[in-house]
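Close look at the chain arrangement
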Amino acid sequence: MLTASHNPIQWNGIKFLTAEGCAPQGDLAEKILGVFKSGEFELVPVEKLGSLSSDDTTHDYHVSVVKGIVDVDKIRSKKFKVVL
């Protein structure tokens, strides 16, 4: 995953994620680190990295997962005031 913010393009970053969307653990993380340390890879300009894709279902999915974990009724009963 490429990350970006308000910073110039050269400060964007790369995060490695598994197919499940989690940070690689154990042997896989060591393998990735080994490739980086070996220097046996080729850098390319950001403009040549590939295609862009988007998924407009992720927000609803995330909210449904969170609601499945937290006790929504218990939180609602506390009558918290939230300001955004």
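Values in this document were obtained by computation on a predicted structure and should not be read as measured data.

Counting secondary structure elements, the chain contains three helices and two strands. Mapped in sequence order, the helices and strands of the chain form the string β-β-α-α-α. Compactness check: the chain gives a C-alpha radius of gyration of 19 Å against a globular reference of 12 Å for 84 residues, more than 25% above the reference. Each principal axis of the C-alpha distribution contributes one length, and for the chain these read about 55 × 30 × 20 Å. Considering the chain as a whole, with its 84 residues, one finds that 2% of them fall into the buried category. Of the roughly 8,400 Å² of accessible surface on the chain, a fraction of 59% belongs to carbon and sulfur atoms. One way to put it: in the chain the 10 positive side-chain charges average out to a point 14 Å from where the 11 negative ones average out.

Before going further, it helps to spend a moment on helix 2 (residues 58–69). An ideal rise of 1.5 Å per residue puts 16 Å on 12 residues; helix 2 measures up with 17 Å between its terminal C-alpha atoms. Across the 12 residues of helix 2, zero count as buried, placing the element largely on the outside.

Another point: unusual backbone geometry. Even without glycine at this site, Lys-79 takes up a positive phi of about 55 degrees. Owing to a relative accessible area of 68%, Lys-79 belongs among the exposed residues under this scheme.

Before going further, it helps to examine the pattern of salt bridges. The final tally for this structure, using the stated rule, is one salt bridge. Close ionic contact of Asp-73 with Arg-76 constitutes a salt bridge, the shortest N to O distance being 3.1 Å. With Asp-73 and Arg-76 both in helix 3 (residues 72–77) and three residues apart, this pair spans about one turn of that helix.

Take the confidence of the model for the chain next. With 99% of its residues at a pLDDT of 70 or more, the chain has an overall mean of 86. By mean pLDDT, strand 1 (residues 2–3) is the weakest element of the chain at 71, and helix 1 (residues 26–38) is the strongest at 93.

If you check helix 1, its first and last C-alpha atoms are 18 Å apart, about what 13 residues at 1.5 Å a residue would give, namely 18 Å. Gly-39 sits one or two residues past helix 1 and shows a positive phi near 75 degrees.

Cut-offs used in this document
Residues numbered from 1 in each chain as written. Predicted model: local features only at pLDDT ≥ 70, side-chain atom pairs only at ≥ 80, totals over all residues. Heavy atoms only, no water. Helix = DSSP H or I, 4+ residues; strand = E, 2+ residues; numbered from the N terminus. Rg over C-alpha atoms; globule rule 2.2 N^0.38 Å. Buried < 20%, exposed > 50% of the residue type's maximum accessible area, 1.4 Å probe, protein only. Areas by Shrake-Rupley, 256 points an atom, 1.4 Å probe, with all protein chains shown as cover. Lys, Arg positive; Asp, Glu negative; His and termini not counted. Charge placed at Lys NZ, Arg CZ, Asp CG, Glu CD. Expected span 1.5 Å × (residues − 1). Salt bridge = Lys/Arg side-chain N within 4 Å of Asp/Glu carboxyl O. pLDDT = per-residue confidence, 0-100.

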